[in-house]
Amino acid sequence: MSAKIIDGKLISKQVLESVAQDFKNLKQKNIVPGLAVVLVGNDPASVLYVEKKQQACKNLGFFSVKISLAENVSEKELLNEIEKLNNDKKIHGILVQLPLPKHVNTEKIIEAISPKKDVDGFTSQNLGKIALGLEKDALVSCTPKGVIKLIESTGTEIKGKNVTVVGKSITVGKPLSLLLLNRNATLTVCDKFTKNLKQKCLNADILISATGKAELITKEMVKPEAVVLDVGTKKIGNKVVGDVVFEDVKEKASFITPVPGGVGPMTVACLMENTLLAAKNSL
Ligand code: GUN
């Protein structure tokens, strides 16, 4: 039997509707959530992501600014910009689009963001709170938060399940692993050094791949009736594909996310949710 498709577009719309509803209450207190997106260089994928984030702000009526900096911007200049945004009362959320150029120390830049405005949830304070199990006091990274919402939308319980995460990036794999542990998943995290990736994936009741390596996950690696979430995006010619060989794997899984239209829209919706939360927390 063919898997049910997890409709990320539909679920992200529901998240955005709830954000819009909450915003109405905030408006009565004269607060308009403000998001600053910092873009360094002009990598086409990053430019597109930033546009989507700004469009989502516009659709909701949030205030948004884009700070575009040259590829060769110095670390000091970038830190200066972040400091200005940290002190700007109209800005409740700051997002530095990753990846940054190699000459910039990414961790140092992330740590310069005020944790209260860290709508990406990448600072040590927000990640530390999540590691302590204090998710409610933290801003939780957008893509991992979106992945959890998508799993929940299927009615699948995470507790006690074998969950395999492929990829351990700061944007997805690492924070997602913490969220899964908090929900009592039995977790396996794989990276490019993992031996026998196939076996680790085959063991998974819930399989999440976030590597950006097209066609990494084939049907031979998927347990029958598994829930499969594909966080990968790679452009091949004019087509965007995920990590999972969708057409084959959908014949084996119970639920599967498509690419595009799966996890992607959830990231943007969760960013709006975080920006609203940061604005609320500023009161
Ligand atoms: N690049 C890829 N994903 C993300 C993300 O979630 N946040 C930021 N800031 N950059 C990214």
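Our subject is the structure listed above.
Conventions used here
- Residues numbered from 1 in each chain as written.
- Predicted model: local features only at pLDDT ≥ 70, side-chain atom pairs only at ≥ 80, totals over all residues.
- Heavy atoms only, no water.
- Core = buried A, V, L, I, M, F, W, Y, C linked by side-chain atoms within 4.5 Å.
- Buried < 20%, exposed > 50% of the residue type's maximum accessible area, 1.4 Å probe, protein only.
- Helix = DSSP H or I, 4+ residues; strand = E, 2+ residues; numbered from the N terminus.
- Contact = heavy atoms within 4.5 Å.
- Arc of directions from axis to C-beta.
- Near = heavy atom within 4 Å.
- Polar contact = N/O pair within 3.5 Å; in protein donor to acceptor, adjacent residues only side chain to side chain.
- Areas by Shrake-Rupley, 256 points an atom, 1.4 Å probe, with all protein chains shown as cover.
- Pairing = 2+ DSSP bridges.
- Axes fitted to C-alpha atoms, helices over the stretch in contact; angles between N-to-C directions.
- Expected span 1.5 Å × (residues − 1).
- Salt bridge = Lys/Arg side-chain N within 4 Å of Asp/Glu carboxyl O.
- Parallel < 35°, antiparallel > 145°, perpendicular 65-115°, else oblique.
- Left-handed = near helix turned anticlockwise from the far one by under 90°.
- Nonpolar A, V, L, I, M, F, W, Y, C, P; charged D, E, K, R; others polar.

Student: Run through the nonpolar core, naming residues and quoting values.
Tutor: Counting 50 residues, the largest nonpolar core has Leu180, Ile208 and Met272 as the members making the most contacts within it. Ranked by the residues each element gives to this core, the list is headed by helix 10 (residues 263–281), at 10 residues. For Met272, the contacting residues outside a window of four places in its chain are Leu16, Val19, Leu35, Lys53, Ala56, Cys57, Leu60 and Phe62. Val73, Ile94, Val96 and Phe122 belong to the second largest nonpolar core, which has 19 residues in total.

Student: Quick rundown of helix 5 (residues 124–131)? Include the residues and the values.
Tutor: Every buried residue of helix 5 is listed here: Asn126, Leu127 and Ile130. Buried residues of helix 5, viewed axially, fall in a sector of 95°; they line one side. Buried residues along helix 5 sit in contact with helix 7 (173–182). Of the residues trailing helix 5, Gly133 is marked for its positive phi of about 85°.

Student: How would you explain the environment of Ala278 if you had to name every residue and give the values?
Tutor: Take Ala278: it is sitting in helix 10. Remark: the alpha-carbon pair of Ala278 and Ala3, spanning 275 residues in sequence, is separated by 37 Å. Excluding its chain neighbours within four sequence positions, the residues that come into contact with Ala278 are His92, Lys116, Val119 and Leu139.

Student: Give a description of the site of the ligand that names residues and reports values.
Tutor: In the vicinity of the ligand, the residues found are Leu95, Val96, Gln97, Leu98, Asp120, Phe122 and Thr171. At 2.8 Å from a nitrogen atom of the ligand is found a main-chain nitrogen or oxygen belonging to Val96. One nitrogen or oxygen atom from the side chain of Asp120 is found 2.5 Å from a nitrogen atom belonging to the ligand. Computed on the free molecule, the ligand has an accessible area of 270 Å², of which 83% lies beneath the protein chains in the complex.

Student: Can you tell me about the sheet that holds strand 2 (residues 34–40), naming the residues and giving the values?
Tutor: What the three strands build is an open sheet, ordered 3-2-4; its pairing is parallel. The open sheet terminates on both sides in strands that have one partner only, identified here as strand 3 (63–69) and strand 4 (93–96). Ignoring strand direction, the axes of neighbouring strands in this sheet form an average angle of 15°. When strand 2 meets strand 4, the two strands line up parallel, connected through four bridges. By the bridge assignment, Leu35 is partnered in strand 4 with Gly93.

Student: So what's going on with helix 3 (residues 75–86)? Which residues, and what values?
Tutor: If you check helix 3, its first and last C-alpha atoms are 16 Å apart, about what 12 residues at 1.5 Å a residue would give, namely 16 Å. Residues of helix 3 that are buried: Leu78, Glu81, Ile82, Leu85 and Asn86. Looking straight down helix 3, one finds that the buried residues subtend no more than 140° of arc, so they occupy a single side. Of the exposed residues in helix 3, the ones pointing more than 90 degrees away from its buried face are Lys76 and Lys84.

Student: Give a description of the sheet that holds strand 7 (residues 206–209) that names residues and reports values.
Tutor: The parallel open sheet is built from six strands, whose spatial order is 1-11-8-7-5-6. One side of each edge strand has no neighbouring strand; the edge strands of this open sheet are strand 1 (4–5) and strand 6 (186–190).

Student: Run through the pattern of salt bridges, naming residues and quoting values.
Tutor: Enumeration according to the criterion identifies 11 salt bridges in this entry. Ionic pairing is found between Lys108 and Glu75, a salt bridge with its closest N-O pair at 3.1 Å. Taken as a pair, Lys108 in helix 4 (residues 106–112) and Glu75 in helix 3 lie far apart in primary sequence, 33 residues in all. Classification of Lys108 by relative accessible area gives partly exposed; the value is 45%. Ionic pairing is found between Lys250 and Glu247, a salt bridge with its closest N-O pair at 2.9 Å. Salt bridges here are not isolated pairs; linked through shared partners, they connect Lys145, Lys149 and Glu273.

Student: Can you explain the packing of helix 2 (residues 44–60) against helix 10? Please cite residues and give values.
Tutor: Between helix 2 and helix 10, the least distance of the axes is 10 Å, while the angle of their chain directions is 55°. Taken together, the axes of helix 2 and helix 10 are oblique relative to one another. Considering only the axes of helix 2 and helix 10, their crossing is right-handed. Residues Lys52, Lys53, Ala56, Cys57 and Leu60 of helix 2 form the contact with helix 10, whose own contacting residues are Val268, Leu271 and Met272. In terms of residue class, the contact of helix 2 with helix 10 is made up of six nonpolar, no polar and two charged.

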